[in-house]
Amino acid sequence: MIAIICACFAVLLVAGVPIAIILGITTALSLTLFTSTPLHIIAQQLFNALDKFVLLAVPFFILAGSIMTHGGIARRLIAFVNALVGWFPGGLGMAGILGCIFFAAISGSSPATVVAIGSIMIPALIKAGYEEKFSLGLITVSGSLGIVIPPSIPMILYCLVMNVSVAEMFMAGVIPGMLIGCALIAFTYIIAKRCNWRIEKKASLTDIVTAGKQGFWALLLPLVVLGGIYSGLFTPTEAAAVSVVYALFIELFVYKEFTCREITSICRQAAVLSASLLFILACAMTFLWLLTAEQVPQQLADIIINHIHSPWMFLLCVNLLFLILGCFMDDVSAMLILAPLFYETLNRYEIDLVHFGIVMILNIQMGMLTPPFGLNLFVASGLTKRPLVTIARGVLPFLGIMLLCLMLVTYIPSISLFLPNLLLR
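All of these numbers come straight from a predicted model, not from anything done at the bench. (Residues numbered from 1 in each chain as written. Predicted model: local features only at pLDDT ≥ 70, side-chain atom pairs only at ≥ 80, totals over all residues. Heavy atoms only, no water.)

A. Layout of the nonpolar core. Judged by nonpolar contacts, the single largest core of 151 residues is most densely connected at Y158, F314, M335 and F356. Per-element accounting of this core gives the leading share, 13 residues, to helix α15 (residues 261-293). Beyond its immediate chain neighbours, meaning those up to four positions away, Y158 contacts N163, V164, M169, M335, A339, L353, F356, G357 and M360. (Core = buried A, V, L, I, M, F, W, Y, C linked by side-chain atoms within 4.5 Å. Buried < 20%, exposed > 50% of the residue type's maximum accessible area, 1.4 Å probe, protein only. Helix = DSSP H or I, 4+ residues; strand = E, 2+ residues; numbered from the N terminus. Contact = heavy atoms within 4.5 Å.)

B. Structural context of the packing of helix α6 (residues 91-107) against helix α8 (residues 132-143). Two elements in contact, α6 and α8, have axes separated by 9 Å at closest approach and are oriented at 20 degrees. As the angle between them shows, α6 and α8 are arranged roughly parallel. Crossing hand, α6 versus α8: right-handed. Taken together, the residues of α8 that come into contact with α6 (itself represented by G93, G96, I97 and C100) are L138, I139, S142 and G143. Among the residues forming the contact of α6 with α8, the class breakdown is four nonpolar, four polar and no charged. (Axes fitted to C-alpha atoms, helices over the stretch in contact; angles between N-to-C directions. Parallel < 35°, antiparallel > 145°, perpendicular 65-115°, else oblique. Left-handed = near helix turned anticlockwise from the far one by under 90°. Nonpolar A, V, L, I, M, F, W, Y, C, P; charged D, E, K, R; others polar.)

C. Structural detail: the pattern of salt bridges. Applying the stated criterion across every chain yields a total of two salt bridges. The shortest N-O distance in the salt bridge between R386 and E132 comes to 2.5 Å. Separated by 254 residues along the polypeptide, R386 in the loop between α21 (375-384) and α22 (388-411) and E132 in helix α8 bring together distant segments of the chain. Between R348 and E344 there is a salt bridge, with the nearest N and O atoms lying 3.4 Å from each other. Linking R348 with E344, this pair stays in helix α19 (residues 343-349), spanning four residues, or about one helical turn. The exposure class assigned to R348 is partly exposed, which follows from its relative accessible area of 37%. The exposure class of E344 is partly exposed, given its relative accessible area of 24%. (Salt bridge = Lys/Arg side-chain N within 4 Å of Asp/Glu carboxyl O.)

In structure tokens, the structure reads:
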């Protein structure tokens, strides 16, 4: 059965069939050939996969990100951080990174972060004299922090398939996200000093206060969402709904950046993206139900344990696997399929599931930046009207930084587990 599954999966993937359809076809074929289970069980499993309260957070966070992308929250965030750091060498680039960090803390989506911050910052960086390739790469890479810094949609999906606390996963993503952000800021500073890029005039205290007042409601949103989760005031799902209501109220009645007529198109875009993600999840969960029933994770664990005797070597192999897969398929789908298969192996190696989840998220982040199928590359290309090759060349110098951060988080578990251990365990 495993041979048939692998062959079917490979052939359909090469043929360009969408990943959700591949999972459905493979599941149906395996049930028909190797079991006596009726095919109508697939419909039941698809329903069961989506019958989870926590999944409501996915469309809510996507909708909140869409609202803020079309509104003025991103512009006010950038104005505030630029007033703070714009006078440093590479300060405008640092402002773009910090803007991505703040927006990541309220959107949960990497593409939304690239669109919201990139539409403002990329033209501003190029106009200020920054090299175009560097500007494109910097914002494309910084936007990928949208899935590392909580809240994060892929984190919610990982928690669902691995039965992990969403609050712990969110807390575990804070320090790795800050680590990557600081590494990008340091790199920007070094390049700016070397290239002698123009430094903006230092903002006065009055300018900083004014920018802070204008961006106050935008800066308050991460505190409302994450503070509410960690204080126990509401669940992650309720926090996602709160973020939608808050963002909609601020954009309509405080910033007044768009009208009620635009809400229909924003909701339509969010609905399409939510449906595609949830359909992939439902098909992946149904496929995993089949593999679990056939005890494939246990068989895989036996094979891995017999050939790989160190948990650190296992993690290295997982990283290499996902870096390769990220070049050919959607890493979120790969995580939904493979992470549960490693569940038994993780238990035998005594690897913390939250730590492994953050490693998975960083691999997804890398996958969004690697050609030919990196999602952020396509988003940045569509946003700037630049060829995909140009975007990829701009991203290339930053991939070494991302890889270094991935290795640090992989082999120093305390980077991701420090806050969960301190506050939630």
